[in-house]
Each structure stands twice: as C-alpha cells, then as structure tokens.
Amino acid sequence: MLCKGVKRKREEEEEQEPASQDWWLEEASSSPSPQAEASPAPLPPSSLFNLSIFKLHHGLRRGEPDLRHLVLVVNTLRRIQSSMALEPSAPEPPSPAPVSPLPVVPDAPMCTSVSTLLDDLSHIEGLSDTQTAFPEDAPLSRPPEPGLDPGRPAPLGSLEILLEDGLEGLFDDIDTSMYDCELWPNLKTDSGETEDKTQGPGLDVSELDYLMDVLVGTQTL
Amino acid sequence: MRGPGPEARMGVGGCWPRLPALPLSSPPLYRPRAPREVVGHFTEEETEAGERPPGPFALPRKKLRRRKRPRARARWPACTSRSCIALPSRGSRSRRHAVREPIARPPAAHSRRLLSARRRRAWGAAAAPEAGREPARAGPAVPGSRCRGGSRASVGEGAGGGNDIQWCFSQVKGAVDDDVAEADIISTVEFNHSGELLATGDKGGRVVIFQQEQENKTQTHSRGEYNVYSTFQSHEPEFDYLKSLEIEEKINKIRWLPQKNAAQFLLSTNDKTIKLWKISERDKRPEGYNLKEEDGRYRDPTTVTTLRVPVFRPMDLMVEASPRRIFANAHTYHINSISINSDYETYLSADDLRINLWHLEITDRSFNIVDIKPANMEELTEVITAAEFHPNSCNTFVYSSSKGTIRLCDMRASALCDRHSKLFEEPEDPSNRSFFSEIISSISDVKFSHSGRYMMTRDYLSVKIWDLNMENRPVETYQVHEYLRSKLCSLYENDCIFDKFECCWNGSDSVVMTGSYNNFFRMFDRNTKRDITLEASRENNKPRTVLKPRKVCASGKRKKDEISVDSLDFNKKILHTAWHPKENIIAVATTNNLYIFQDKVN
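The rules we used
- Residues numbered from 1 in each chain as written.
- Chains lettered and ligands numbered in written order.
- Predicted model: local features only at pLDDT ≥ 70, side-chain atom pairs only at ≥ 80, totals over all residues.
- Heavy atoms only, no water.
- Helix = DSSP H or I, 4+ residues; strand = E, 2+ residues; numbered from the N terminus.
- Buried < 20%, exposed > 50% of the residue type's maximum accessible area, 1.4 Å probe, protein only.
- Contact = heavy atoms within 4.5 Å.
- Areas by Shrake-Rupley, 256 points an atom, 1.4 Å probe, with all protein chains shown as cover.
- Expected span 1.5 Å × (residues − 1).
- Pairing = 2+ DSSP bridges.
- Axes fitted to C-alpha atoms, helices over the stretch in contact; angles between N-to-C directions.
- Phe/Tyr/Trp six-rings, centres within 6.5 Å; stacked < 30°, edge-to-face > 60°.
- Lys NZ or Arg CZ within 6 Å of the ring centre and 35° of its normal.
- Salt bridge = Lys/Arg side-chain N within 4 Å of Asp/Glu carboxyl O.
- Core = buried A, V, L, I, M, F, W, Y, C linked by side-chain atoms within 4.5 Å.
- Polar contact = N/O pair within 3.5 Å; in protein donor to acceptor, adjacent residues only side chain to side chain.
- Parallel < 35°, antiparallel > 145°, perpendicular 65-115°, else oblique.
- Left-handed = near helix turned anticlockwise from the far one by under 90°.

- Chain A goes by SERTA domain containing 1 in an unreviewed UniProt entry, where it is assigned to Sarcophilus harrisii.

Right, here's the structure in full:
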C-alpha cells in the first residue's frame, strides 16, 4: 500500500498519474499543522478536497452507503473547505490536476448528488445559495480560485468536464414522476437558463429529487 | 391462544407487556400427528389401568399435575422433534435433569464425553468419575440473580499482568493459502463467560464455535486446546426489495449469554437482524419405539404384539444450533453493537443513529432509547459507533460517537435517553490538529472493565482508559501506533484510516490489548506501564514457542529486527481480539485466520 516516497518537485505534481501514491506520501510528510517547520511545501488542500470528493462519490455509489464513512468524509470536506476559504493565497493547481484524481467517468447521478451535497455544504456554510451547483460561466481552463468565491467549491470545473457529455439520454428510461417535489424550485428557473452552456448538463429538478431521494430514502424510517 | 392485549404497547415508562399464562386447557398445536410414544417421563402410579400414559404434549395440562415433579412451562415453541423431551427451560435449573438416571456410561475415550462431567459440575449434581480430573480452576459461578451489584472481577490463576507474561503460540485456525476468500474473513471473536467456548463470526454469515478441551494428565504443560465444537450458518444474505439493496450476511457481533442450563445461548447480529441461537448437545437418543422402526418408518399398529418401554441409549455427541429468537426489522441503519444487560433479560442493539432495547423473550417489539437522527439529514455530523451496557448496573449504558465522545446514559432518567448523564470527551490537542483530527478521534470500540469502574475506548491511534467518575479526560492513554500520525494522508487515501479496531481487557483488568497493522497486536500493562508488540504469523508456529516482541522503527536508522513503517503491510490488520475471562489465553483474528496464544506454563 504505502510505497517508498520519491521526492517530487512541485511542478511535477501537475503531470502525475492519478493512482500515484507517492504524492500522498510526500504530502503526508508535510503536515498541515502550523508547526511543521521542517516540512517542505504546504499541503495543497485542493488535492485533499478532490480526494474527498472522490471518496464521497465512491461511497455514495455503493448500494447502501456506510453512514459513518460518509459522515467522516463530509466533515473532513467541510474542514478543508473552510481552510481553503481562509487561504486566499492558496496555490492554484491548473485544471488537469483536479481532474486527475478522478477516475474514468463516474456515474452521472452520483456527480449530481455530490454536487447536491456540496450545495448543501455551501448552504450550511451560510454563503450565497443562489449559486446552484452547475451554472458556472467560466470556461474550464480557468483554474478555480477559491479566494474569489468561497462559496463555490473549487473543483466543480472538473465535475463539469465529466458531465458535459449530455446526460439526458441516461435518464430516459427513468420515470421520475413520483419524485417530483418542490424542494428546489429555484432550480427550475436556473436550468432553463443554462441550456446554452456547454458544460451545463441541464439537470432537471426531478433528477435531482430522485437522487436526493436515493440518498435520503435509505434514511427514512 | 390469546396474545397480549392492546394495552401492551411499546410506550413510555418501559412497561413490558406481561406474557399471558398458558391456558391450561389449550389444545395442542394443530398438526396431524401420529400417536405419540412416551419416553421415560412417567411413573406407574400416574397411569390408570389400561389408559394410555400421558405424552409430553398431547394431553391437557391438568393431568400432568399428577406428576410429582413440577414441570417447567415452555415459554417458546416446544421442540417438535418427537424424540426430544429436552424442553428449553428458563430460570432456575430444571430438576428433571437431576432426576433422570444416568444411562450406561459412555466410553471415556472420546475427549468430548467429558462434557457430561462439565455439565454435571455446572448443575451441582453428584460428581462424575471424571470430576477428579477437572482442573481446580476457581471461577465465580455465573450468578443467576438479576442486576448484580457486586463486582464480576474474577481473579483466576495467572490472570494478571503484574509479572512479564511470556506469550506462546498455541494454535492457528483457518486456511493456509494467501488467497483469502471473502466469505472467510473473520468479523468478530468472543469468548463465553467461562472461557470454555470461543465463537467467531465471518463475512459469510457463519458462526464457528471452538471448545477448549479439558486438561488431562498428559498435557500438564499447556492449557486445553480449542477445537471445533459447532459450525452453523447464522445469517443469510437478504434482499431488501423496498430499497433494492442487498443486506450483507456478515456477522458484526457475537455476544454470549451466561449459562443457565445445559445449553449455551448466544446473540449474533448482521447489519439488520439479531438472532438468539441455542447450542445444545445431544448424546443420547431414545430407542425401542413400539410404533416406529429405527429408521423412522411407522409400523402398522396391528402388527404390534408386545409393548416395550423406549430407553435412552448413548450416541455420538451431536451439537445442534437452533435459532430461538429472531429480532428483526428494528434498525434502519447498520447495527454495529449488541450488548447484554446485567439482568440477563434485556439487551441493546445500536446502529448508526439509534439504540434499541430488547427483551430476550420478545421479538416483535423493542424500545428505542437513543435517537440522534437529526430532523434534517443534511445536518448529520455524528453517528453512533459502539454501545455497551455497564457490567453491574442494569440501568446504565454508554455509547461512543464518530466525534470521539462517549455518553453515559441512565435509563431511569427517562424513557428516551437522548440526554446523557455524563459526557466523556478529551479536549483536542492543538499541536496535533490536522484535517484528519476528527477521523482519527472517531471511537471504534468501547469496553467496560470487568469491575465496572473503568471503560476503555479505541480510536485510530490510541487506547484510552476512562474513569467513570471523571469526564473531562481519560486517566490513561496508550499509543498504539503513533508512527502512523505522519502518514495519515496516505492512510486516508487508501481508506485504512477508517479501519475499526477493537480492544479488550484481561480478566483482572490489569492489561489491555488491541490490534494494529502488519498482523501486529499490542498489549499494555496498566500497572507496570510496559507495553509489548507481538505478531500473529504462521512462522515460528510451533506450539509453546515464545513470541518475540516486535518493534517498528518510525524514522531514522533502522535497527536490526526492527521493521520500518514503510514496510508495514496495511492489508494485514488485526481488528478483532479477545481475552479469556479467567486465564491468559488470547484469541487474535487476522484476516482469515484465528490465532490462539497462551502464556508460558511452567
């Protein structure tokens, strides 16, 4: 599992393989605590963030998610997010970096649910809630700047790369009429406006609701 | 038969519905039956001339009143086997066992026959010839009283950690090859209250029980070996059609009930369902039926010319496991703990968000005593990770959380124990803060000491011992593998940081033990403050080989015989360990093997 770490330079991180563990080992040695006086470069929290998103995603993909695992990952995500929000000078890994930890196209529903969860996170953080998960005007090549908009999680750009391949077809056979609800009425208006966006998948409220139901459905008594 | 009335509902106040008395004239179970043979239970004066002797089930109860011996009332469905008259009886030791005459003594060659002696010893009857060979091992008899106030601490011989114990390899169970079948992964290990039986549960839903052989003269230098006593499939994979989810059959926990009669009882649970299993022995069977051939076929009554009385004859020992209660449909989330109360009538089961209280006799209802589910699931930040009843106080239990807190609750305070009586939490060390602080503070196991004064919690890197009278910090903290603190990021990436290690006390509460990676396990002596790291591996597996202490080199120059952190195998983890309640015998589970170690006996 843990292999011998190879000292890497900062710029090499951008081109590394997603499955490399050495990077993590290197990061592990550089503790994020303030007293890490002997550590080299500070830990880039965005990479941890991506990893956490991936874990969340993976955990949600399972038939019956392990609640403890999910809660711990979400809480870690919140910590990372809050620390990223506090660091305006956080290093900006270019766009390939956020993508690389994520493997081959994950299921679209899970991306949405993750984004829904992030949406919830941002709600909880008390930040602007009119920013729904998807309308992101900036092109993907622009590196996410956490300092600019603390409410918008940084690696959404990566998610949208994966979502841009028209997802409507995946949902054709799902009848979501039972799951219509009014939880996110603002999304109806927003999705109507995002048709022209290349990256906006135009997710419907019903799809979101279905996914939310999948999440919450296991938890209703 | 009338069931409990509408007033017998689950409700505030914790009033268990009274079971209705069995009506004396209740008809037998509606099942077509051949005429019954009676085995052994009647005496001549109970039968009138020419009348058929009463059978165990068929006739109205009032006739049975003529019996001189009081009959234990069957509380749960009677065994339907025609030859079985061993009705399960709760409560005090049934006298019928003592009255029944022992049959021709079985040959003593088979070591398992000694079980008869064990049973008689437990029953206090006249000592069998084997009694002389039984070890004079003092152990407190299992108390039958409710809600014991006294301490259960048993100071058996050698159960202590004062002097350095030398641990020796004793046995290993399981497949040798490295290819681990998923179903063979051991998921729980538990000794029973006497230590004679050792139960393991695996991912395939099976329970395997090992029994310790009685010591005999030829093996004075080691305690008895553990051999397979019974194997049964406890849980099967299920499919929840409502949610389209499969329910794993993996056994999450096994807990033994104290022994009250000849049979053994244990609770085993998977993610959703708890089952009470009865493990009983049968070493005699009735022979000589009048209407039934030996192979079970029925004879034509007209061909019967003489009558004979069936008698018991010895047979090869058979150990049967039968599910006696199934406690299902009470948990929405995954059950992580079960714990039997000191009143031996109730037990709790805990899942991620709720804890339920059950009565061992009642399967169709349970009380919810803790519920931490938020109204809005988006606000969920904490889950329950373990729960346990206090060993002496039947109203007290604790539960631990994923945030590193332990809450002690008193069921006398309110029906729903959402508000804790005590909250045990250690303030976070600011110098060790990281993104992973919460994950590594998540408690994976909580265990009370046998005395009931202390409790031990296991989080990712340490073992903490708490005094129940002090809530703000633990009284002792032992680092299990502090060298992993700098590797938390990698361990987060490969998910090892979420591993749930268990911990256990020894019989005298002087030594605690827990597992680690690379098949290492650690023991901490609370008195001498010394600790030791040992490895469970098949190398050096000759019995009575003393285990060599291992050492992990955190950084710097690696000394000889030390192993560096980067060489540790994180796939080989010891999550489950158990300590014999009276002796220095430990059971350590690697992924699919069970190791048994004993201290060196001179």
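So, the overall build of chain A
Phase 1: Of the regular secondary structure elements, chain A holds eight helices and zero strands.
Phase 2: The order of helices and strands in chain A, counted from the N terminus, is α-α-α-α-α-α-α-α.
Phase 3: For chain A, the proportion of its 221 residues judged to be buried stands at 49%.
Phase 4: The long-range fraction of contacts in chain A, counting pairs at least 24 apart against all pairs at least 6 apart in sequence, stands at 68%.
Phase 5: As displayed, chain A offers around 10800 Å² of accessible surface, 56% of which is attributable to carbon and sulfur atoms.

A word on helix H8 (residues 205–217) of chain A
Phase 1: When the terminal C-alpha atoms of H8(A) are compared, their 17 Å separation across 13 residues agrees well with the 18 Å that a helix rising 1.5 Å per residue should span.
Phase 2: Residues A:Val205, A:Ser206, A:Glu207, A:Leu208, A:Asp209, A:Leu211, A:Met212 and A:Leu215 constitute the buried set of H8(A).

Re the sheet that holds strand E13 (residues 346–350) of chain B
All names here are of chain B.
Phase 1: Taking strand neighbours across the sheet as the criterion, the four strands line up as E12-E13-E14-E15 in an open arrangement whose pairing is antiparallel. Strands with a single pairing partner mark the edges of an open sheet, and in this sheet they are strand E12 (337–340) and strand E15 (362–371). When the angles between neighbouring strand axes are averaged without regard to direction, this sheet yields 25°.

A word on the packing of aromatic side chains
Phase 1: Using the criterion set out here, one finds 20 aromatic pairs over all chains in the structure.
Phase 2: For the ring pair B:Tyr347 and B:Trp358, a centre distance of 6.1 Å and an interplane angle of 10° mean the geometry is stacked. Taken together, the residues B:Tyr347 in strand E13 and B:Trp358 in strand E14 (residues 354–359) connect sequence positions 11 residues apart. In this pair, the class of B:Tyr347 matches that of B:Trp358, namely buried.
Phase 3: Taken together, the ring pairs in this structure connect B:Phe169, B:Phe521, B:Tyr595 and B:Phe597 into an aromatic cluster.
Phase 4: For the cation-ring pair, A:Lys55 lies above B:Tyr492, with the distance from its terminal atom to the ring centre recorded as 5.3 Å.
Phase 5: Of note, B:Lys292 hangs over the ring of B:Tyr289, and the distance from its end group to the ring centre comes to 4.7 Å.

Regarding the pattern of salt bridges
Residue and element names in this part refer to chain B.
Phase 1: Taken as a whole, this structure holds 29 salt bridges over all chains when the rule is applied.
Phase 2: For glutamate 361, the salt bridge goes to arginine 325, with nearest N and O atoms at 2.8 Å. Within this pair, whereas glutamate 361 is found in the loop between E14 and E15, its partner arginine 325 is found in strand E11 (residues 311–327), the two being separated by 36 residues in sequence. Across the pair, exposure class does not vary: glutamate 361 and arginine 325 are buried alike.
Phase 3: Between aspartate 566 and lysine 487 there is a salt bridge, with the nearest N and O atoms lying 3.8 Å from each other.

Considerations on the nonpolar core
Phase 1: B:Tyr460, B:Leu484, B:Tyr492 and B:Ile497 are the most contacted members of the largest nonpolar core, which has 38 residues in total.
Phase 2: When residues in this core are grouped by element, the largest group, seven residues, is from helix H3 (residues 67–86) of chain A.
Phase 3: With residues near it in sequence (within four places) discarded, B:Leu484 still touches B:Tyr460, B:Leu461, B:Leu491, B:Tyr517, B:Val565 and B:Phe570.
Phase 4: Grouped together as the second largest cluster of nonpolar side chains are 17 residues, B:Met523, B:Ala536, B:Ile574 and B:Tyr595 included.

Here we look at unusual backbone geometry
Residues and elements named next belong to chain B.
Phase 1: The phi angle at asparagine 329 is positive, at roughly 65°, despite the residue not being glycine.
Phase 2: Residue placement: asparagine 329 occurs in the loop between E11 and E12.
Phase 3: Positive phi, normally seen in glycine, also occurs at aspartate 509, with a value near 65°.

Section: the sheet that holds strand E30 (residues 576–579) of chain B
Residues and elements named next belong to chain B.
Phase 1: Strand order in the open sheet formed by four strands is E1-E32-E31-E30, and the pairing between neighbours is antiparallel. In this open sheet, the two strands that pair with only one neighbour each are strand E1 (167–173) and E30. Strand-to-strand, the axes of this sheet are offset by a mean angle of 20°, without reference to chain direction.
Phase 2: With six bridges joining them, E1 and strand E32 (residues 594–599) adopt antiparallel strand pairing. The partner of phenylalanine 169 across the bridge, within E32, is phenylalanine 597.

Re the pairing of strand E31 (residues 585–589) of chain B
All names here are of chain B.
Phase 1: For E31, the buried fraction is high: five of the five residues fall into the buried class.
Phase 2: Neither face of E31 is left uncovered, since the one carrying Ile585, Ala587 and Ala589 and the one carrying Ile586 and Val588 both have all their residues buried.
Phase 3: Pairing of E30 with E31 involves four bridges; the strand directions are antiparallel. Each bridged residue has a counterpart across the sheet, and for tryptophan 579 the counterpart in E31 is isoleucine 586.
Phase 4: Between E30 and E31, which pair antiparallel and follow one another directly, the connecting turn spans five residues.

Regarding the environment of B:Gln233
Residue and element names in this part refer to chain B.
Phase 1: One can find glutamine 233 in strand E5 (residues 226–233).
Phase 2: Distance from glutamine 233 to glycine 201, taken between C-alpha atoms, is 9.5 Å for residues 32 residues apart in sequence.
Phase 3: Ignoring any residue separated from it by four or fewer positions in sequence, one finds glutamine 233 in contact with Gly204, Gly205, Arg206 and Trp277.
Phase 4: Reaching out from glutamine 233, the side chain makes a polar contact with the backbone oxygen of glycine 204 at a distance of 2.8 Å.

A word on the pairing of E15(B)
All names here are of chain B.
Phase 1: The sheet contact formed by E14 and E15 spans five bridges and is antiparallel. If you follow arginine 354 over to E15, its bridge partner there is aspartate 371.
Phase 2: Counting the residues in the hairpin turn of E14 and E15 gives two residues.

Some words on the packing of helix H2 (residues 45–61) of chain A against H3(A)
Residue and element names in this part refer to chain A.
Phase 1: At a minimum axis distance of 9 Å, the contact between H2 and H3 shows a crossing angle of 155°. It follows from the interaxial angle that H2 and H3 lie roughly antiparallel. Here the hand of the crossing between H2 and H3 comes out left-handed. Touching Pro45, Ser46, Leu48, Phe49, Ser52, Ile53, Lys55, Leu56, Gly59 and Leu60 of H2 are His69, Leu70, Val73, Val74, Leu77, Ile80, Gln81, Ser83 and Met84, all from H3.

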